[in-house]
Amino acid sequence: MTEGLDTACRSIVGARSRQEDAAVLWPGATTFSIEGRDWPEPPDGVLLGVLADGMGGHAGGNIASEAACDLFVRAFSALKGDRRARLRRALDASNQGVAEIVKRNPDLQGMGSTLIGCAVSDGDLDWVSVGDSPMYLIRGGEIALLNEDHSLAPALDQLVAEGKLSAEAARQDPRRHMLRSAITGDDLELVDQSQKPLKLLGSDILVIASDGLLTLAPDEIARVALGYASGGATAIADALLREVDNQREPMQDNTTVLVVRVAPS
């Protein structure tokens with residue numbers, strides 16, 4: 001635990017046959033084995049969070065997500081200088097690394113992953129992301145999505161706002177979760193990155209998740225997180241996953257959450 005920060009890293013398989021999410025809080029915890037990886041320690045005082053959601057239905061989604069996290073941690077830890085530049089270079093290293101894995105093993109052609117990488121130090125948060133894995137900030141009873149959604153969902157929701165599509169049709173559209181940008185080894189067409197550090201305040205809660213958490217509406221995520229905040233980050237993470245499981249969605253996706261709770265002022 002970095003001073004002043006309480007953290008948790010949790011995941012469930014849901015209704016899927018295997019886990020294709022991978023996540024890291026470094027130093028701290030991972031959702032997959034790092035035995036033999038010999039990761040370098042990040043600079044003192046830096047909490048590095050990485051979450052990757054392997055592209056479901058594609059070859060090697062779990063391989064892609066674990067590789068993306070592994071490559072990101074290694075690249076960020078080895079780089080020096082401006083933190084936002086290091087985050088972007090680590091993202092590029094993950095993307096290039098996945099391309100090299102596919103080149104060595106053509107059977108994995110088509111695998112891919114979303115990725116969120118964030119760094120917190122001295123109370124400042126920076127991030128970089130591709131795909132549709134959300135990062136929420138809960139502050140003062142309100143919840144805000146910090147990163148962009150690179151799926152087709154925003155475009156469908158815009159059609160609803162313009163009266164060109166019903167809300168139910170948009171929600172059920174099979175294209176809703178198609179990604180416009182992801183870690184696949186190809187050029188990254190869309191990348192979201194913080195333009196300046198976001199100062200975290202006392203009692204802030206940061207929730208980074210795979211899209212399995214979107215079974216819950218943002219207001220529900222905030223309600224659950226705030227309801228368990230007094231128990232710390234682990235209580236929040238476990239409560240969110242229980243709430244997802246309680247929905248009993250027949251096609252529930254893997255769900256992974258990283259929670260960072262700032263100590264009350």
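Before reading further, recall that the structure is shown in the block above.
Residues numbered from 1 in each chain as written. Predicted model: local features only at pLDDT ≥ 70, side-chain atom pairs only at ≥ 80, totals over all residues. Heavy atoms only, no water.

Student: Can you help me understand the pairing of strand S5 (residues 115–121) in this one?
Tutor: In summary, the side chains of a regular strand alternate between the two faces of the sheet. Across the 7 residues of S5, 7 count as buried, placing the element largely inside the fold. The side-chain alternation of S5 yields two buried faces, one formed by Leu115, Gly117, Ala119 and Ser121 and the other by Ile116, Cys118 and Val120. Examined bridge by bridge, strand S4 (residues 47–53) and S5 share 5 bridges and lie antiparallel to one another. Across the sheet, the residue bridging to Val50 is Gly117, located in S5. With 7 bridges joining them, S5 and strand S6 (residues 124–130) adopt antiparallel strand pairing. Note on S6: the bridge partner recorded for Ile116 is Ser129. Between the end of S5 and the start of S6, which pair antiparallel, lie 2 residues, with Asp122 showing a positive phi angle near 50 degrees. (Buried < 20%, exposed > 50% of the residue type's maximum accessible area, 1.4 Å probe, protein only. Helix = DSSP H or I, 4+ residues; strand = E, 2+ residues; numbered from the N terminus. Pairing = 2+ DSSP bridges.)

Student: How should the sheet that holds strand S11 (residues 205–209) be read in this particular structure?
Tutor: Each strand in a sheet pairs with its neighbour through backbone hydrogen bonds, running either in the same direction (parallel) or in the opposite one (antiparallel). One open sheet accounts for 5 strands, arranged S1-S12-S11-S7-S8; its pairing is antiparallel. At either margin of the open sheet sits one strand with a lone partner, and together these are strand S1 (5–12) and strand S8 (142–145). Here the average twist between neighbouring strands, direction ignored, is 15 degrees. Summarising the sheet, S11 and strand S12 (residues 255–262) pair through 5 bridges and their orientation is antiparallel. Bridge assignment links Ile205 to a residue of S12, and that residue is Arg261. Along the sheet face, helix H5 (residues 218–227) touches strand S7 (135–139), S8 and S11 and points at about 55 degrees away from the line of S7. Contacting S1, S11 and S12, helix H6 (residues 233–246) crosses the sheet at an angle of about 25 degrees to S1. (Axes fitted to C-alpha atoms, helices over the stretch in contact; angles between N-to-C directions. Contact = heavy atoms within 4.5 Å.)

Student: Please clarify how the pattern of salt bridges should be interpreted in this entry.
Tutor: Opposite charge on two side chains makes pairing possible when the charged atoms of those side chains draw close. A full pass over the atoms with the stated rule returns 15 salt bridges. As a salt-bridge pair, Arg10 and Asp238 come within 3.1 Å of each other at their nearest N and O atoms. Taken together, the residues span a long stretch of sequence, with Arg10 in strand S1 and Asp238 in helix H6 at a distance of 228 residues. For Asp238, a relative accessible area of 27% puts it in the partly exposed group. The structure contains a network of salt bridges with shared partners spanning Arg37, Glu66, Asp70 and Arg74. (Salt bridge = Lys/Arg side-chain N within 4 Å of Asp/Glu carboxyl O.)

Student: I would appreciate a short explanation of the packing of aromatic side chains in the present structure.
Tutor: Where two aromatic rings form a pair, the distance of their centres and the angle of their planes describe that pair. One pass over the full model with this rule turns up 2 aromatic pairs. Residues Trp26 and Trp39 carry aromatic rings whose centres are separated by 4.9 Å and whose planes lie at 85 degrees to one another, so their mutual orientation is edge-to-face. With Trp26 in strand S2 (residues 21–26) and Trp39 in the loop between strand S3 (29–30) and S4, the pair connects residues that are 13 residues apart, well separated along the chain. Judged by relative accessible area, Trp39 falls into the buried class, the value being 10%. Seen from their ring centres, Phe32 and Trp39 are 6.4 Å apart, and the 75 degrees between their planes marks the pair as edge-to-face. The same class applies to Phe32 and to Trp39, which are both buried. Members of the aromatic cluster, joined through ring pairs, are Trp26, Phe32 and Trp39. (Phe/Tyr/Trp six-rings, centres within 6.5 Å; stacked < 30°, edge-to-face > 60°.)

Student: For this particular structure, what's the right way to read the packing of helix H1 (residues 61–78) against helix H2 (residues 83–104)?
Tutor: In a packed pair of helices, the relevant descriptors are the angle between the two axes and the axis-to-axis distance. Axis separation between H1 and H2 bottoms out at 8 Å; the angle between their running directions is 140 degrees. One finds that H1 runs oblique with respect to H2. For the crossing formed where H1 meets H2, the hand is right-handed. Seen from H1, the contacting residues are Ala64, Ala67, Ala68, Leu71, Phe72, Ala75 and Phe76; seen from H2, they are Arg83, Arg86, Leu87, Ala90, Leu91, Ala93, Ser94, Gly97, Val98 and Ile101. A class-by-class count of the residues in the contact of H1 with H2 yields 13 nonpolar, 2 polar and 2 charged. (Parallel < 35°, antiparallel > 145°, perpendicular 65-115°, else oblique. Left-handed = near helix turned anticlockwise from the far one by under 90°. Nonpolar A, V, L, I, M, F, W, Y, C, P; charged D, E, K, R; others polar.)

Student: Just to check I follow, could you spell out the environment of Trp39 for this structure?
Tutor: Sequence separation of Trp39 and Leu71 is 32 residues, and the distance between their C-alpha atoms is 9.8 Å. Beyond its immediate sequence surroundings of up to four residues, Trp39 is in contact with Val24, Trp26, Thr30, Phe32, Ile34, Asp70, Val73 and Arg74. Among the polar contacts made by the side chain of Trp39, one reaches the side chain of Asp70 at a distance of 2.6 Å. (Polar contact = N/O pair within 3.5 Å; in protein donor to acceptor, adjacent residues only side chain to side chain.)

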